[in-house]
Amino acid sequence: MALSSSISSSLCKPSSQNAHSPDYNSNKIFNSRCGPFSSLHQFPICKMGYGCQWGRRKSSSTPLISASLMDVSLDKSKEKVQLPKGDIWSVHKFGGTCVGTSERIKNVAEIIVGDDSERKLVVVSAMSKVTDMMYDLIYKAQSRDDSYLSAVDDVLEKHILTAHDLLDGDDLDIFSSRLHHDINEIKEMLRAIYIAGHATELFSDIIVGHGELWSAQMLSSVIRKKGIDCQWMDTRDVLIVNPTSANQVDPDFVESEMRLKKWFSQSPSKTIVATGFIASTPQNIPTTLKRDGSDFSAAIMGALFRAGQVTIWTDVDGVYSADPKKVADAVILNKLSYQEAWEMSYFGANVLHPRTIIPVMQYDIPIVIRNISNLSAPGTMICRPSIDENEGSQHLDSPVKGFATIDNVALVNVEGTGMAGVPGTASAIFSAVKDVGANVIMISQASSEHSVCFAVPEKEVEAVAGALQSRFRQALDAGRLSQVAVVPNCSILATVGQKMASTPGVSASLFSALAKANVNIRAIAQGCSEYNITVVVKREDCIRALKAVHSRFYLSRTTIAMGIVGPGLIGGTLLDQLRDQAAVLKEDFNIDLRVMGITGSNTMLLSDSGIDLSRWRELLKEEGEVADMQKFINRVHGNHFIPNTVLVDCTADSNVASHYYEWLRKGIHVITPNKKANSGPLDQYLKLRALQRESYTHYFYEATVGAGLPIISTLRGLLETGDKILRIEGIFSGTLSYIFNNFKGTRSFSEVVSEAKQAGYTEPDPRDDLSGTDVARKVIILARESGLKLELSDTPVQSLVPEPLRAAASAEEFMQQLPQYDKDMAKQLQDAEDAGEVLRYVGVVDVINQKGLVELRRYKKDHPFAQLSGSDNIIAFTTARYKNQPLIVRGPGAGAQVTAGGIFSDVLRLASYLGAPS
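Residues numbered from 1 in each chain as written. Predicted model: local features only at pLDDT ≥ 70, side-chain atom pairs only at ≥ 80, totals over all residues. Heavy atoms only, no water.

### Topic: the overall build of the chain
No. 1: In terms of helices and strands, the chain carries 34 helices and 30 strands.
No. 2: Taken over 918 residues, the chain has a buried fraction of 55%.
No. 3: Summarising the internal contacts of the chain: among those between residues at least 6 apart in sequence, 72% fall at separations of at least 24.
No. 4: With an accessible surface of roughly 38600 Å², the chain has 48% of that area assigned to carbon and sulfur atoms. (Helix = DSSP H or I, 4+ residues; strand = E, 2+ residues; numbered from the N terminus. Buried < 20%, exposed > 50% of the residue type's maximum accessible area, 1.4 Å probe, protein only. Contact = heavy atoms within 4.5 Å. Areas by Shrake-Rupley, 256 points an atom, 1.4 Å probe, with all protein chains shown as cover.)

### Concerning the pattern of salt bridges
No. 1: Applying the stated criterion to the full structure yields 44 salt bridges.
No. 2: For Lys85, the salt bridge goes to Glu257, with nearest N and O atoms at 1.9 Å. On the criterion of sequence distance, the pair formed by Lys85 in the loop between α3 (49-52) and β1 (89-94) and Glu257 in helix α10 (residues 253-266) is long-range, its members being 172 residues apart.
No. 3: Owing to a relative accessible area of 29%, Lys85 belongs among the partly exposed residues under this scheme.
No. 4: Between Glu662 and Lys666 there is a salt bridge; the shortest N-O distance is 3.4 Å. (Salt bridge = Lys/Arg side-chain N within 4 Å of Asp/Glu carboxyl O.)

### Quick notes on the nonpolar core
No. 1: One finds Ile728, Ile739, Phe740, Leu770 and Leu782 to be the most contacted residues of the largest nonpolar core, which totals 69 residues.
No. 2: At seven residues, helix α31 (residues 773-785) tops the list of elements feeding residues into this core.
No. 3: In this structure, Ile739 is in contact with Phe749, Val752, Val753, Ala756 and Leu770, ignoring residues within four places of it in sequence.
No. 4: By size, the runner-up hydrophobic cluster in this structure holds 59 residues, among which are Trp263, Leu289, Val310 and Tyr338. (Core = buried A, V, L, I, M, F, W, Y, C linked by side-chain atoms within 4.5 Å.)

### Topic: unusual backbone geometry
No. 1: Phi at Phe277 is positive, roughly 80°, even though this residue is not glycine.
No. 2: With respect to the element layout, Phe277 can be found in the loop between β6 (271-275) and β7 (278-280).
No. 3: Although it is not a glycine, Gln850 sits at a positive phi angle of roughly 55°.
No. 4: If you trace the backbone, Gln850 turns up in the loop between β27 (837-846) and β28 (851-860).

### Side note on the sheet that holds strand β9 (residues 309-314)
No. 1: Across the sheet, which stays open at both edges, the eight strands sit in the order β3-β6-β2-β1-β9-β11-β12-β10 with mixed pairing between neighbours. At either margin of the open sheet sits one strand with a lone partner, and together these are β3 (230-233) and β10 (335-337). Strand-to-strand twist in this sheet, taken as the mean axis angle between neighbours without regard to direction, amounts to 20°.
No. 2: Pairing geometry for strand β2 (residues 119-124) and β6, over five bridges, is parallel. Within β6, the residue paired with Val123 across the bridge is Ala274. (Pairing = 2+ DSSP bridges. Axes fitted to C-alpha atoms, helices over the stretch in contact; angles between N-to-C directions.)

### Topic: the confidence of the model for the chain
No. 1: Taken residue by residue, the chain gives an average pLDDT of 86. The fraction at 70 or more is 88%.
No. 2: pLDDT under 50 marks residues 1-79. Its contacts with residues more than four places away, or in other chains, come to 169 contacts.
No. 3: pLDDT under 50 marks residues 390-396. Its contacts with residues more than four places away, or in other chains, come to seven contacts. (pLDDT = per-residue confidence, 0-100.)

### Remarks on the packing of helix α20 (residues 569-589) against helix α34 (residues 896-913)
No. 1: At a closest axis distance of 9 Å, the pairing of α20 and α34 adopts a crossing angle of 50°. Between α20 and α34, the angle is such that the two are oblique. The two elements α20 and α34 cross, and the hand of that crossing is right-handed. Within the contact between the two elements, α20 uses Leu569, Ile570, Thr573, Leu574, Gln577, Leu578, Gln581 and Leu585 and α34 uses Ala896, Gln897, Thr899, Ala900, Gly901, Ile903, Phe904 and Leu908.
No. 2: Classifying every residue of the contact of α20 with α34 gives ten nonpolar, six polar and no charged. (Parallel < 35°, antiparallel > 145°, perpendicular 65-115°, else oblique. Left-handed = near helix turned anticlockwise from the far one by under 90°. Nonpolar A, V, L, I, M, F, W, Y, C, P; charged D, E, K, R; others polar.)

### What to know about the side chain of Glu837
No. 1: Counting through the fold element by element, Glu837 comes out in strand β27.
No. 2: For Glu837, a relative accessible area of 13% corresponds to the buried category.
No. 3: A distance of 2.8 Å separates a polar atom in the side chain of Glu837 from a polar atom in the side chain of Arg858.
No. 4: Every residue in contact with Glu837, bar those within four places of it in the chain, is listed here: Ala832, Arg858, Tyr859, Lys860 and Lys861. (Polar contact = N/O pair within 3.5 Å; in protein donor to acceptor, adjacent residues only side chain to side chain.)

### Section: helix α26 (residues 682-694)
No. 1: The end-to-end C-alpha separation of α26 is 18 Å, in line with the 18 Å expected for 13 residues at 1.5 Å each.
No. 2: Along α26, the residues that are buried comprise Leu682, Tyr685, Leu688, Arg689, Leu691 and Gln692.
No. 3: Turning to α26, the residues buried within the fold contact α24 (660-665), α25 (676-679), β25 (699-700), α27 (711-720) and α31. (Expected span 1.5 Å × (residues − 1).)

### A look at helix α19 (residues 542-552)
No. 1: With nine of its eleven residues buried, α19 lies for the most part within the structure.
No. 2: Among all positions in α19, only Cys542, Arg544, Ala545, Leu546, Lys547, Ala548, Val549, His550 and Ser551 are buried.
No. 3: Turning to α19, the residues buried within the fold contact β13 (402-415), β16 (483-496), α18 (506-516), β18 (532-538) and β19 (558-565).

### Remarks on the environment of Val81
No. 1: When you line up the elements, Val81 lands in the loop between α3 and β1.
No. 2: Accessibility expressed as a relative area gives 30% for Val81, which makes it partly exposed.
No. 3: Along the chain, Val81 and Pro268 lie 187 residues apart, while their C-alpha atoms are 7.2 Å from each other.
No. 4: Other than its neighbours up to four places away in sequence, Val81 contacts Lys261, Phe264, Ser265 and Pro268.

### What to know about the side chain of Lys675
No. 1: Structurally, the position occupied by Lys675 is in the loop between β24 (669-671) and α25.
No. 2: A polar side-chain atom of Lys675 sits 3.2 Å from a polar atom in the side chain of Asp774.

### With respect to the packing of helix α15 (residues 425-435) against helix α16 (residues 461-471)
No. 1: With their axes 9 Å apart at the nearest point, α15 and α16 run at an angle of 135° to one another. In terms of orientation, α15 lies oblique with respect to α16. α16 is crossed by α15, and the crossing has right-handed handedness. When α15 is examined against α16, the residues Ala428, Ile429, Ala432 and Val433 are found in contact with a partner set consisting of Val464, Ala467, Leu468 and Arg471.

### Re the packing of aromatic side chains
No. 1: Across all of its chains, the model carries 15 aromatic pairs by this definition.
No. 2: Between the aromatic rings of Trp89 and Phe264, the centroid separation amounts to 6.3 Å while the plane-to-plane angle is 80°, which identifies the pairing as edge-to-face. Placement of the pair is Trp89 in strand β1 and Phe264 in helix α10, with a sequence separation of 175 residues. An identical accessibility class is assigned to Trp89 and Phe264; each is buried.
No. 3: On the basis of an interplanar angle of 40° and a centroid distance of 5.7 Å, the ring pair of Tyr148 and Tyr194 is categorised as tilted. A residue pair is termed long-range when its members are at least 10 positions apart, and Tyr148 in helix α6 (residues 148-166) and Tyr194 in helix α7 (residues 169-196) qualify at 46 residues.
No. 4: Every member of this aromatic cluster is reached through a ring pair, and the members are Tyr660, Trp663, Tyr699 and Tyr701.
No. 5: In this arrangement the basic side chain of Arg471 is found over the ring face of Phe472, its NZ or CZ atom lying 5.2 Å from the centre. (Phe/Tyr/Trp six-rings, centres within 6.5 Å; stacked < 30°, edge-to-face > 60°. Lys NZ or Arg CZ within 6 Å of the ring centre and 35° of its normal.)

### Comments concerning the sheet that holds β27
No. 1: The sheet built from five strands is open, its strands ordered β28-β27-β26-β29-β30 with antiparallel pairing. At either margin of the open sheet sits one strand with a lone partner, and together these are β28 and β30 (887-892). Across this sheet, the average inter-strand angle for adjacent strands is 20°, counted without regard to direction.
No. 2: In this structure, strand β26 (residues 725-731) lies alongside strand β29 (residues 872-879), joined through six bridges in antiparallel fashion. If you follow Ile731 over to β29, its bridge partner there is Ile874.
No. 3: Relative to β27, helix α28 (residues 734-742) is tilted by about 155°, and along the sheet it contacts β26, β27, β28 and β29.
No. 4: Lying over the sheet, helix α33 (residues 822-834) contacts β27 and β28, oriented at roughly 95° with respect to β27.

### Digging into the environment of Asn678
No. 1: Checked against the element boundaries, Asn678 lands in helix α25.
No. 2: Given a relative accessible area of 1%, Asn678 falls into the buried group.
No. 3: Taking the C-alpha atoms as reference, Asn678 lies 8.7 Å from Thr704; in sequence the two are 26 residues apart.
No. 4: Non-local contacts of Asn678, meaning those with residues more than four positions away in its chain, are made with Tyr685, Leu688, Tyr699, Tyr701, Ile780, Ile781 and Arg784.

### What about the pairing of β9?
No. 1: Among the six residues that make up β9, five are buried, leaving the element largely enclosed by the rest of the structure.
No. 2: In this sheet, β9 lies alongside β1 in parallel orientation, the contact comprising five bridges. Across the sheet, the residue bridging to Phe94 is Trp313, located in β9.
No. 3: Relative to strand β11 (residues 367-371), β9 runs parallel, the two being bridged by five bridges. The residue bridging Val310 from the neighbouring strand is Ile367, located in β11.

This is the structure we're talking about:
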């Protein structure tokens, strides 16, 4: 440790006489300042150029062994060259992956040569992984791990191989000589660290900064080979920064600008390749710009040159509206304001570090994020919005630009009645947080001052809670504070957009989208600028929340995970309709319906990304597994990348219907033609509807009455607009409609029933239709929708099944014996015809008398019910508004296509409620 301190001390105190000398004379510097290290043969580390010499490097054409820092006191006898500034300069920044190989460095050179700007400044990072390799060297050396020596050789080999691919002749010789000398000096520094068992910040900064120096030299040589006048700049000669207590640095623009002018007067060039990441302190001590330092370097240089534009080259096409790993439909944003980029980057979006934006904002210099692998993509421009964008915008753009998330955070809630109105409480809270070095990400406080809630990284919450418990121990014991509570396993979701400030309803839309996705909000924060609305949610809900809000603001498709229960006639037809319409829904309506599971009574098919509906029957047979309803639900609803789930029950099974309450409680939407839930026990129905009304989970069942006809929606529309239902009367069975439309003249009743069965209008056992139970269930559903609290058993039903045949062993036996009872039905038909009437099997909801009934009735031939044909249904609503002439709904009321179409319509209605454009 003492050795390390001595080295650091000697490095930090260059003599005033020699610190700025243009001559390459490290012996002179260290003979006067190295103290115990004055013997250069004993400690050759003191000879290193990068770390110990702050003299100005000579021209790049001179075969120097090392680059050095700028001579602040330049020879005044040299001719002064004025530094041109302004839009003539374009600044480019290339990260480590962009210069990660010799081929990529060549590609970068091509981009620079192809830029038609009058003057260009290029900021480069170290080659990919090199900075990490350098930090690893330091870690191994201070851990006294001898493998640091072989690791240094790996660094050398990487750059030697790259240089041989790129350079030749004198350029290769010069670079190789510098590289070997630098590596030897790095080894000496690492040896000192190895002995001391500790690395000072100075030593670390010197060592890790070499990667940028090497990449800048190689790139500048490649550009010169293409006939372009190009100099490389060691930015430690120019960029002066002041370290802060927050492990960051503040640029000294005045001093940096002065040094840039002096540098340029010695090395004027129209193309400059500058090192990113590294800089110097006002005392000429090498340092770094810390996290995202190369981007920061580019922004600072852009400001110093007053450049027309700063382009940050990356491996993505621009800034996304959300993390594309979490939201597959995230879109590239064409433009962001400085404030929007600032907000999104603060909350974890892969944009830029917030401080990168600061230097360019002062001079309104736009930053463009572009993809080095896709030059045709225009990228994302970050700039100051124009006046019309801020005020008189007639655009239809979403007021929200994007979303960002931070995972692994915890909420800390300090609350108590003793906090209200007490000055200094918040100061004391955050002073305690500061003392443990924790970072507060967001703060939320109620106006009552009863509590203060804030979010910190989860790894820091234990220390924060301990510090607060200690700081407020007396207040907690006295009851002035009730608790210091920690809520772990949270994530932060930030919604960003400059236009949110002038657009009413953004918050309402945001919170509505989260509620509809069944996401609970733990805390909310919003500044008065309204550029950002931040919410805290459970970590497990984060992706679902992100998908839901992203979809709500039209930035992506409304995606719904679907589970189909019952792939029989109705369910199979629905799946085929979904298959045929999927592409149109995606492209024209921004709706993505993904069937994640199909289950029958014996077999189920599951998928994590969506079943190929063109082959669903084949896949169900080949890849199906034993049906397990709980596993089915968990898989369909368990995909956090899809915010909304709907289960479509296409069965007539009361056992499946019994699960609806549980599904709705889990936040799963339910759509069904199954009548069993809505016509079952009244208490269960009321419980189900109460849950549906209290939550944002939807329960749609239009197809339970009238297949695809809008019966339920019409009834609801009447009630919601204040109309009063007096009576509902209708032919609700397509099967019985067909039978009685064709039961006329000399035809027997059994003959018509047999014809309907053969045509597929009846159930396999026609008694299920003739019993009237199905019609009675529809009557109960409509009665309950109208506000009547009726049980199925309360409704008288006239069965058309002769009493003796109700116990027939099979459908075949029933059909064989049915002709024996034709006489009774023939007499009823004849009596009706003699009176100029027809027979119709109807259901009636008598709201005034609060009852329902199902029976065979006679109607005059001019009555609307007598005008039916085929299997049409007809329903007449008699209301306070439609008292003299009932409101009629008529159309096909049976058949797989129309029933599946009714279900499909409910699915699309759900998508609209969840945010799809209507």
